Structures are given as structure tokens and as C-alpha cells.
Amino acid sequence: MWLETLAWVVAALGVLASTSPAPQLGASIFADLTPAELRAVRSFLLSRPELGLAADRGDSLASNSLFLVELQVPRKSQALQFLDGGSPRPPRLARAIVFFGEQAQPNVTEFVVGPLPRPSYYRAVSYKGGRPIPFAARPVTLLEYELMHRRLVELTEPLDRLLRDTTGFWYHNCSQRCLTFSDVAPRGLGPGERRSWLILQRSVEGHFLHPVGLELLLDHRSRDPRRWALQQLWYNGQYFASAQELAWRYERGELALARPPTPELLFSTYMPRGHFGTGTPTDVHGAKVCEPQGKRYRLQGNLVEYGGWRLALRLRSSAGLQLFDLRFNGERLAHELSVQEAVAFYGGSTPAAMQTKYMDAAWGMGTLAYELAPGIDCPEVATYLDAHHLYDAAGPVRYRRALCLFELPTGVPLRRHFDSDFRGGYRFYGGLEGQALVLRTTATVYNYDYIWDVLLYPNGVLEAKVHATGYIHATFYTPQGLRYGSRVHRDVLGNLHTHLLHYKVDLDIAGTRNSFETLDVRFENISNPWSAGERVVQPRLHRQRCRSERQAAFPFGTALPRYLLFSSPTQRNRWGHPRSYRIQYSSQAGRVLPRGWREERARESPPGRYHLAVTRHHEKEATSSSPYAQHDPWQPAVDFESFIRNDENIENQDLVAWVTVGFLHIPHAEDVPNTATPGNAVGFFLRPFNFFDEDPSVASRSPVIVRPRDPAFAHVDVQRWTPASPGPCVSAEPFGYNGTYGQE
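Rules used throughout
- Residues numbered from 1 in each chain as written.
- Predicted model: local features only at pLDDT ≥ 70, side-chain atom pairs only at ≥ 80, totals over all residues.
- Heavy atoms only, no water.
- Core = buried A, V, L, I, M, F, W, Y, C linked by side-chain atoms within 4.5 Å.
- Buried < 20%, exposed > 50% of the residue type's maximum accessible area, 1.4 Å probe, protein only.
- Contact = heavy atoms within 4.5 Å.
- UniProt positions renumbered as here; feature names shortened; annotations may be inferred.
- Helix = DSSP H or I, 4+ residues; strand = E, 2+ residues; numbered from the N terminus.
- Pairing = 2+ DSSP bridges.
- Axes fitted to C-alpha atoms, helices over the stretch in contact; angles between N-to-C directions.
- Polar contact = N/O pair within 3.5 Å; in protein donor to acceptor, adjacent residues only side chain to side chain.
- Parallel < 35°, antiparallel > 145°, perpendicular 65-115°, else oblique.
- Nonpolar A, V, L, I, M, F, W, Y, C, P; charged D, E, K, R; others polar.
- Disulfide = S-S within 2.5 Å.
- Phe/Tyr/Trp six-rings, centres within 6.5 Å; stacked < 30°, edge-to-face > 60°.
- 1 Å grid on protein atoms, 1.4 Å probe; cavity = no way out; pocket = protein on both sides within 12 Å on 5 of 7 lines; lining within 4 Å.
- Points joined across faces, edges and corners; volume = space filled by probe spheres on them.

A. Broad picture of the nonpolar core. Of all hydrophobic cores here, the largest spans 123 residues; its most connected members are Tyr503, Phe516 and Ile583. Apart from residues lying up to four places away in sequence, phenylalanine 516 is in contact with Arg545, Cys546, Ala552, Phe554, Leu564, Leu565, Phe566, Leu612, Val614, Ile650 and Leu655. Core analysis: the second largest hydrophobic core is formed by 21 residues, Phe67, Val108, Phe135 and Val638 among them.

Spelled out as C-alpha cells, the structure:
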């Protein structure tokens with residue numbers, strides 16, 4: 001597929017570039033590893049006897065196992081020296097995560113492996129600060145989930161009669177009408193713990209909306225599942241020390257029973273029901289996106305070109321969408337734009353709800369990009385890309401249609417003007433149709449589906465946006481729960497939560513050395529120069545140069561200046577202004593924990609602590625989160641606060657913007673069956689601010705200009721540079737979908 005088509009011939013020949021490489025060759029240094037490269041890294045590490053890696057972990061957590069292999073992105077200095085000419089191609093390297101579970105003191109270690117395609121060495125690497133990664137902080141594997149299920153079959157045996165009688169479903173020895181569970185995190189209340197609250201649910205379509213009123217606290221820290229035990233149970237508002245105690249209370253008739261209704265008519269399904277009041281048809285196709293003269297964008301390997309835009313893309317296994325070397329009209333605007341983290345912090349009256357503080361990078365967001373459905377997730381005419389991941393698997397796994405690209409008519413002109421003559425006519429009409437190229441992927445993290453978009457506009461504007469949809473995270477309804485959400489069905493509470501989405505934006509505005517300032521307005525009260533004795537109150541510009549990292553960190557709870565400008569200190573446009581780009585927010589983000597709370601250090605830093613933080617670029621500060629923060633938020637591997645603690649100077653430096661957007665979601669009845677996308681989208685724009693001498697979209701050949709030919713407006717002159725008619729706009733290709741992903 002698309003990743004496998006990239007050629008590494010130049011690297012193999014060791015060619016030194018004397019000029020800038022061809023765009024496709026330059027983009028390829030950021031391309032995800034091919035299946036062959038993933039297998040080569042795995043085979044090499046398995047061949048090293050000192051690592052003692054098991055080729056097949058079997059049923060044991062007490063083994064040394066390879067968890068993740070993905071691209072190790074070249075250092076920025078190496079990449080720019082190659083991309084801008086004169087230096088060799090950076091060596092192609094891999095990042096590998098190994099769980100050392102067989103050791104007396106188990107741990108997690110990350111390695112850099114290279115060079116590809118034939119690796120010959122590996123070396124251990126650490127995050128800034130060098131703190132070892134505890135074994136208890138590791139992400140949960142499919143094997144651990146399977147062992148949890150097996151252990152629950154044994155541990156819930158005393159509850160078999162209670163569950164059968166009250167729900168009609170059961171967990172012990174189940175083949176049909178089964179119960180399942182959703183687990184929450186963090187897994188405990190302090191470092192080293194691995195205790196998970198589990199919500200039991202009926203295993204039906206949309207099981208997230210079918211809690212049965214029982215939550216279990218399972219201690220699964222030991223590498224021996226036989227030692228795993230239930231420490232507490234919550235049933236319909238009451239706590240119990242053991243399954244035996246709960247069963248005994250039931251047998252004695254001392255329980256207030258939770259009896260959710262039988263789910264024959266599923267309210268959680270997508271099956272149509274009800275009618276619209278207008279009677280307008282919905283059993284025919286609606287409007288569609290079409291490309292009457294073919295595609296106006298180009299995709300070569302991982303290189304994307306559209307209008308003035310050019311960039312390299314990848315879908316990293318650990319955190320999702322990542323773009324590099326973003327250029328407009330040949331000028332680099334950013335070295336990197338990438339998703340770093342997605343946080344969802346909940347409140348509730350049940351133990352699982354009050355413990356739910358999700359940090360989704362720990363779940364491998366890139367590997368959760370399942371197949372996109374043509375005509376629904378993306379237009380039928382979109383270009384679909386597969387992805388390959390080696391994540392908690394014995395080899396590369398192919399994910400069909402994990403990303404898509406398409407040109408989108410925005411439905412609103414990019415710009416237009418009707419020049420009235422104020423006498424019933426006009427002098428001219430001019431308009432440029434609105435279009436953008438959309439890069440899209442998704443991440444289905446348990447119940448929630450995030451739709452990650454990057455939109456490229458022909459006027460040099462980039463928009464990063466995420467929609468939240470999918471099922472709400474629900475718990476069993478009790479009257480106490482109404483303090484924490486809404487009752488959305490008879491026995492279902494939709495719990496309030498805050499979504500925070502975090503991005504890294506490594507801007508290079510007219511060069512790698514930039515400065516940062518804010519621009520807003522203040523009011524002045526001055527004498528009226530043209531009317532003696534009168535006063536004029538008016539806005540004036542107020543600039544605030546941020547000279548250090550602390551000055552450029554904007555915490556939640558404080559007003560965010562409306563113009564956030566990254567400027568070249570040396571380059572100016574034709575009109576004398578510093579060439580700049582602006583970050584513009586579309587967000588309702590707010591704090592999710594009070595400052596200083598024990599989990600705030602990781603949970604809030606940076607996704608929940610700052611709207612924006614601007615730091616100097618350092619290779620040791622490549623990411624703001626890690627796969628381990630979810631399970632050890634008390635001693636995080638990445639301490640973002642250390643990025644700004646030394647308060648470095650940021651004037652005329654290589655700068656990185658860490659951007660957090662988000663919104664509060666108080667679930668309501670209309671979130672059943674799913675949260676809808678309208679109103680649940682947040683993001684930010686990168687907009688030129690005196691970077692150009694005029695709107696660069698004037699280069700487009702898509703405007704229409706209409707001028708009257710005579711005073712009576714009987715005839716008009718129409719100027720356009722595209723065909724007068726777009727032509728037929730329908731594709732006859734039927735809908736198709738596969739939905740599988742697996743090793744090839």
C-alpha cells in the first residue's frame with residue numbers, strides 16, 4: 001500500500017545531496033515504517049540474546065516482550081540540514097518499547113534501533129530527567145485484558161445467581177446473554193499500583209449504555225494472575241468488601257436490587273426509529289462531494305501537495321496524526337504539527353466514574369484509527385490510505401483506510417463582494433469559491449470516537465480541528481448521580497466530563513528563529529483633534545513582547561490574548577511589518593483539576609494547565625506526554641513543567657507552541673445513542689498576519705468576476721478561468737466496506 005511504495009534506494013546508495021532533495025525524497029524521511037522495516041526491527045531485537053525477548057509471550061506477563069515499534073523521527077537539525085541541502089540523508093531509525101517482565105525488578109525500556117532497512121545496533125534512551133519507567137506504568141496489553149477476563153470468570157462465580165436474577169445476563173461460564181466490562185484509569189491512587197475499577201455491562205450493541213449496577217475493583221499488579229483479587233465492589237449505591245459478602249446479602253434479601261430492563265428493544269442501536277415532523281425524504285441520498293475535472297491535489301508516498309501547500313504526513317502508532325515540513329509557496333511555516341494527547345476527566349457518584357481520568361496516548365491513539373467508511377466518514381471520492389502498526393502484536397498489522405484526503409467545498413465563499421451602485425444596480429460582483437483540502441483520521445478510544453482533521457486553505461490558512469462523537473461514558477443511575485450529569489435512560493447516567501486535546505506546533509516563520517508577542521486592544525480617552533473641548537474614546541493596539549517561557553505560558557482561568565503572534569525578527573513584508581503567523585483558538589477549554597492536586601502534575605501538565613505554552617525547541621522535549629502517564633500520573637515520565645521551569649529566553653529563538661483546546665460536555669438525552677458532531681468540535685487556526693504582501697489566494701484560477709456591459713444591465717461580462725459548467729457530479733461505484741485489520 002501507500003507506505004510500502006516509498007523507495008529507500010537513495011539511502012542505500014548513500015548519496016549526498018548537494019542541493020535540496022526532491023520533495024518526495026525529502027518527505028520520505030518522515031514516512032512511517034513499512035511492514036518490512038517493522039519485521040526487520042522485531043527480528044533483530046529477538047535475535048539479541050542479552051534482551052531475552054520471547055517470540056510468543058503465551059499466557060505469561062512475566063516475560064520480556066516487544067510492545068511497540070515505530071519510526072524514530074530524525075532530529076530537527078539533521079532533518080533541516082538534509083531538506084535544505086548540503087547534508088546527507090539522516091539515518092532511518094526505529095523506536096522500540098520493551099516490557100521486561102521476566103526480571104526480578106521488572107521495568108519498561110525504550111530503545112532506538114538502526115539503521116534501517118538492516119538494523120545492526122540498539123541503544124537505550126530515556127525521557128528528560130532520566131527517570132526509569134516502572135513496570136506498573138506500562139499500557140495494558142491484549143494479553144492482560146484476556147487474563148483479567150479469565151480471572152473475573154472465577155471471581156464473579158459467587159455473584160452468578162444475583163446477576164442472572166436481576167439482569168438476565170451473567171459473567172461466569174457465559175456463552176450467550178453475557179456480561180462484559182469497561183475499565184477506567186488511572187489504576188490506583190499512587191505510584192506502583194495497578195488496581196482497576198471495572199463497570200459491568202450487558203454485552204449488547206452499544207454496551208457502554210447498559211451498565212447493570214455493579215462495579216468491581218480488581219488488583220492486577222502481580223505478574224501472576226492467580227494472585228489477582230477483588231478488593232471492593234459497588235452495587236447500586238453500596239460498597240462491599242467481597243463478592244461473597246454481596247452474594248450473602250442478596251441471599252438474605254437485604255439488597256436494594258438494580259433491575260435494568262431487558263434490552264430487546266435497544267435504545268443504543270443505530271436502527272432508525274420515529275419520524276421527522278416535516279415528512280421530507282431521508283430514504284434517498286443527500287448531497288455529495290464530487291470532483292468534476294478530477295483531483296486537484298497530489299499524493300506521492302507520504303508527500304501531500306495542494307494549491308500552495310506541501311507537507312509530509314504520518315500516522316504514528318503512539319499518538320496519531322503527525323505532519324512535518326509544512327510549506328506554503330515553498331516557504332516552511334512549521335517543522336511539525338502533531339497530536340500529543342487527548343484527556344477526558346470525569347465526575348460521578350460511583351467509584352468508576354470518580355476515578356475516570358483518561359489520557360488517551362496510553363491507549364495507542366494511532367492504532368485506534370479503524371476503517372473509514374466511504375460516503376460517511378469521508379466522501380466517496382476521497383483518497384484512502386492504509387496504515388501498518390506493530391503495537392502489542394507479533395508482527396505488523398494492516399489497518400485499512402486509516403486516513404483519507406479529500407477536497408471539501410466549504411459551502412461559503414473564501415471571499416466575495418457585491419459592489420452596489422446604490423441605485424438598483426452594481427458595478428461588479430467578484431467571488432472565489434471556498435474549498436479546502438482535508439486530511440482526516442479517527443481514534444476510537446473505547447466508547448469515544450475522535451475525528452482528527454487538518455484543513456489546508458488556499459490563502460495560507462491551516463485549521464486543526466477535532467470532533468468528538470461515539471458513545472458517552474455512562475454509569476448506573478442513582479439519585480445521587482444527578483449532581484454529576486443527566487439521566488439519559490431509566491438506569492443510565494451520562495457523566496459530566498471535560499475533553500482536552502493537546503497539540504505540538506513547531507513553527508518556523510520565515511526561518512527557525514522567531515519571537516512571540518501578543519496583540520490586543522486597550523481603550524484610550526483623548527482630546528478630539530477636530531472638535532475643541534470634546535473627547536474621543538477609541539481602541540488602540542496593545543503589544544506585549546514575551547521575552548521568556550514563563551511570560552508565554554497562559555494558564556486556564558486567565559484571559560487569553562486574542563492575537564498570538566510568532567514573528568521573524570529579521571524579515572518584513574513589503575509594508576514594513578514583521579512577517580508573522582497567528583494562532584487563533586476555537587475552544588472552550590478549562591481546568592480539570594485544582595492546581596497542586598496530587599494527580600495534577602501529569603493530568604494537567606500541559607493539557608489541563610495551559611491554553612498555550614511557548615518554549616524553546618529542545619530534542620529532549622520532543623513530546624509533552626507519554627504512553628505511561630495514564631498509569632503513573634503521580635510520577636510522570638514526561639514532566640512538562642520542566643520545559644518552562646528554567647524560564648529560558650524566547651526572543652529570536654527556535655520556538656514551539658504547545659496548544660490545548662477542549663470543551664465541557666454535560667451529557668443529555670440527545671447524546672443517545674451517540675454524541676453528535678455539531679457543536680462538539682474544537683481546534684485552532686494558523687493564519688498569516690502580514691506574512692504575505694496580499695492574500696496569496698489571488699493566485700487561484702477559480703474566481704468569478706461579473707461586470708455589467710451596459711447601463712440597463714441587460715448584458716454582462718463574466719470572467720472565469722475554469723470551465724463554465726462543472727459537468728456531471730455522480731459516482732456510480734457502490735458502497736463497500738471491509739472493517740478488518742490484521743497481520744498479512
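B. Region of the structure containing the UniProt feature "modified residue: 2',4',5'-topaquinone" (unreviewed entry) in the chain. As annotated in UniProt, the feature "modified residue: 2',4',5'-topaquinone" (unreviewed entry) corresponds to Tyr448 in the numbering used here. Along the chain, tyrosine 448 turns up in strand β22 (residues 448-456).

C. Region of interest: the sheet that holds strand β25 (residues 485-489). The three strands lie next to each other as β24-β26-β25, forming an open sheet whose pairing is antiparallel. What marks the edges here is a single partner per strand, and that holds for β24 (474-476) and β25. Here the average twist between neighbouring strands, direction ignored, is 40 degrees. Pairing of β24 with strand β26 (residues 492-495), which is carried by three bridges, proceeds in the antiparallel orientation. Of the residues in β26, the one forming a bridge with alanine 474 is glycine 494.

D. A look at the side chain of glutamate 341. With respect to the helices and strands, glutamate 341 occurs in strand β15 (residues 331-346). What makes glutamate 341 buried here is its relative accessible area of 0%. At a separation of 2.8 Å, a polar atom in the side chain of glutamate 341 contacts the main-chain amide nitrogen of alanine 361. Discounting residues that sit within four places of it in the chain, glutamate 341 has contacts with Met359, Asp360, Ala361, Met365, Leu500, Leu501, His502, Pro607 and Ser625.

E. Geometry of the packing of helix α6 (residues 160-167) against helix α7 (residues 243-251). Put simply, α6 and α7 touch, their axes get as near as 9 Å, and they point 55 degrees apart. Taken together, the axes of α6 and α7 lie oblique to each other. Residues Arg161, Leu162 and Asp165 of α6 pack against Leu246, Tyr250 and Glu251 of α7. Here the contact of α6 with α7 is composed, by residue class, of three nonpolar, no polar and three charged.

F. Spotlight on the state of the cysteines. Taken as a whole and judged by the stated rule, the model has two disulfides. A disulfide bridge connects cysteine 174 with cysteine 178, and the sulfur atoms are separated by 1.8 Å. The chirality of the disulfide connecting cysteine 174 with cysteine 178 is left-handed, given an S-S dihedral of about -110 degrees. Judged by relative accessible area, cysteine 174 falls into the partly exposed class, the value being 24%.

G. Examining the environment of threonine 280 more closely. Mapped onto the fold, threonine 280 is located in the loop between α7 and β11 (297-300). By relative accessible area, threonine 280 is classed as partly exposed at 48%.

H. Region of interest: the packing of aromatic side chains. For the structure on display, the rule yields 29 aromatic pairs. Between the aromatic rings of tyrosine 346 and tyrosine 358, the centroid separation amounts to 6.3 Å while the plane-to-plane angle is 80 degrees, which identifies the pairing as edge-to-face. In this pair, tyrosine 346 sits in strand β15 while tyrosine 358 sits in strand β16 (residues 357-359), placing the two residues twelve residues apart along the sequence. An identical accessibility class is assigned to tyrosine 346 and tyrosine 358; each is buried.

I. Here's a closer look at the layout of surface pockets. Reported here for the second largest pocket is a volume of approximately 1000 Å³. Considering the residues around the second largest pocket, the lining is formed by 42 residues, among which Gln72, Val73, Glu619, Ala622 and Thr623 are closest to the centre. Classifying every residue of the lining of the second largest pocket gives 15 nonpolar, twelve polar and 15 charged.

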